[in-house]
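Residues per chain, in single letters:
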Amino acid sequence: MTTTKKPAAAKAAAKTTPAAKAAGPKKAAKPAARNPAAKKPAGPIQVEAIDARPEFDLFTYCELAGETRLEHDLLEELEPRFDDWSAKYLRAYRITDPAAPKGGGHIVLWLEEPVESEIEGIWQDSPSAGMSFHNLAIHMVMSAAQALVPELADKGCAPLPKPTAGVLKAFEKLGLVWNTEGTVNRQFAVFTRSPYSDGCSVCILRPKCPNARDDD
Ligand code: SF4
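Here's what I pulled together on the structure shown here. Predicted, not measured: the structure shown is a model, and the values here were computed from it.

### Thoughts on the site of the ligand
Line of reasoning, step 1. Every residue close to the ligand is listed here: C157, P159, C200, C203, L205, R206, C209, N211 and A212.
Line of reasoning, step 2. Grouping the constituent residues of the shell around the ligand by class yields 7 nonpolar, 1 polar and 1 charged.

### Structural notes on the pairing of strand β3 (residues 105–111)
Line of reasoning, step 1. Counting buried positions along β3 gives 6 out of 7 residues, so the element sits mostly inside the fold.
Line of reasoning, step 2. Pairing geometry for strand β2 (residues 90–96) and β3, over 7 bridges, is antiparallel. By the bridge assignment, A92 is partnered in β3 with L109.
Line of reasoning, step 3. Bridge analysis of β3 against strand β6 (residues 189–193) gives 5 bridges, and the strand direction is antiparallel. Note that in β6 the partner of W110 across the bridge is A189.

### Observations regarding the environment of G156
Line of reasoning, step 1. Along the polypeptide, G156 turns up in the loop between α6 (151–155) and α7 (165–173).
Line of reasoning, step 2. Here G156 falls in the exposed class, since 12 other C-beta atoms lie within 10 Å of it.
Line of reasoning, step 3. For the pair G156 and Q146, spaced 10 residues apart in sequence, the C-alpha separation works out to 9.0 Å.

### Focus on unusual backbone geometry
Line of reasoning, step 1. A cis amide bond, omega 5 degrees, links S194 with the succeeding residue P195.
Line of reasoning, step 2. Among the secondary structure elements, P195 is positioned in the segment after β6.
Line of reasoning, step 3. The backbone phi angle of K102 is positive, close to 55 degrees, even though this residue is not glycine.
Line of reasoning, step 4. As for its placement among the helices and strands, K102 is situated in the loop between β2 and β3.
Line of reasoning, step 5. In this model, D198 sits at a positive phi of 70 degrees, which is unusual for a non-glycine residue.
Line of reasoning, step 6. Mapped onto the elements of the fold, D198 is located in the segment after β6.
Line of reasoning, step 7. For D198, a count of 13 C-beta atoms within 10 Å translates into the label partly exposed.

### Details of the environment of A65
Line of reasoning, step 1. As for its position among the elements, A65 is in helix α2 (residues 58–65).
Line of reasoning, step 2. As for A65 and N135, which are separated by 70 residues in sequence, their C-alpha atoms are 6.1 Å apart.
Line of reasoning, step 3. Sequence-distant contacts of A65, defined by excluding residues within four places in its chain, comprise S132 and N135.

### Observations regarding the sheet that holds β6
Line of reasoning, step 1. What the 4 strands build is an open sheet, ordered β1-β2-β3-β6; its pairing is antiparallel. Each edge of the open sheet carries a strand with a single partner, namely β1 (46–49) and β6. The mean angle between the axes of side-by-side strands here comes to 15 degrees, regardless of whether they run parallel or antiparallel.

### Thoughts on the nonpolar core
Proteins that are soluble and globular tend to have nonpolar side chains buried together.
Line of reasoning, step 1. The biggest cluster of nonpolar side chains holds 35 residues, and the ones touching the most others in it are L109, L111, A137, M140, V141, A144 and A145.
Line of reasoning, step 2. When residues of this core are traced back to their parent elements, those giving at least two are α3 (72–89), β2, β3, α4 (113–125), α5 (127–148), α7 and β6.
Line of reasoning, step 3. It is α5 that contributes the most residues to this core, 9 residues altogether.
Line of reasoning, step 4. Excluding residues that lie within four positions of it along the chain, L109 makes contacts with A52, L90, R91, A92, V141, A144, A145, A189 and V190.

How each quantity is defined
Residues numbered from 1 in each chain as written. Predicted model: local features only at pLDDT ≥ 70, side-chain atom pairs only at ≥ 80, totals over all residues. Near = placed C-beta within 6 Å. Nonpolar A, V, L, I, M, F, W, Y, C, P; charged D, E, K, R; others polar. Buried ≥ 20, exposed ≤ 12 C-beta atoms within 10 Å, placed from the backbone. Helix = DSSP H or I, 4+ residues; strand = E, 2+ residues; numbered from the N terminus. Pairing = 2+ DSSP bridges. Contact = placed C-beta atoms within 7 Å. Axes fitted to C-alpha atoms, helices over the stretch in contact; angles between N-to-C directions. Core = buried A, V, L, I, M, F, W, Y, C linked by C-beta atoms within 7 Å.

See the structure below:
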């Protein structure tokens, strides 16, 4: 996040201005010395649509769903649904905010609302089938994120950084609403740094996460 605090030196200069006026004739001000270490203003935020390529992986899906085997009929439904959702409803963007740490790169991806309604409808008929498709949607966004940020595959989750003011504006333009508890207004979504950096230490879920680690 950027701050708008005045630097201490500037505040001191503002306070001493009247005394300086009374002290005598004005001298011509020296041109400010160049400070090579001075920060350049951050550039504009960039938002770019990217190609997300999730892949259905039976082993990963079963692990996520806590199943050791799947009924053939269910499997026959899962795979086509995965392809259909991926083609129609998966959105992915790269957001680069030069004011954010580590180059400011992030990815955000999500499944659009019709997927949520579809799963809700399945749930009404059969809660267990609803849960299977709910897990399918999670598998899809995680698989897409892992294809873009390979380190996430080892980690098994995606560190969730606090979005900067610039990233929040980008969300708004994309129709996403950030909630303070660390979610957006889409049920199946991933937001994380890209390239991967700093692991759990930047994740806002860390205080309540039983899997948080200090070693990355
Ligand atoms: S704190 Fe928890 S959710 Fe966040 S990256 Fe670490 S393990 Fe994942």
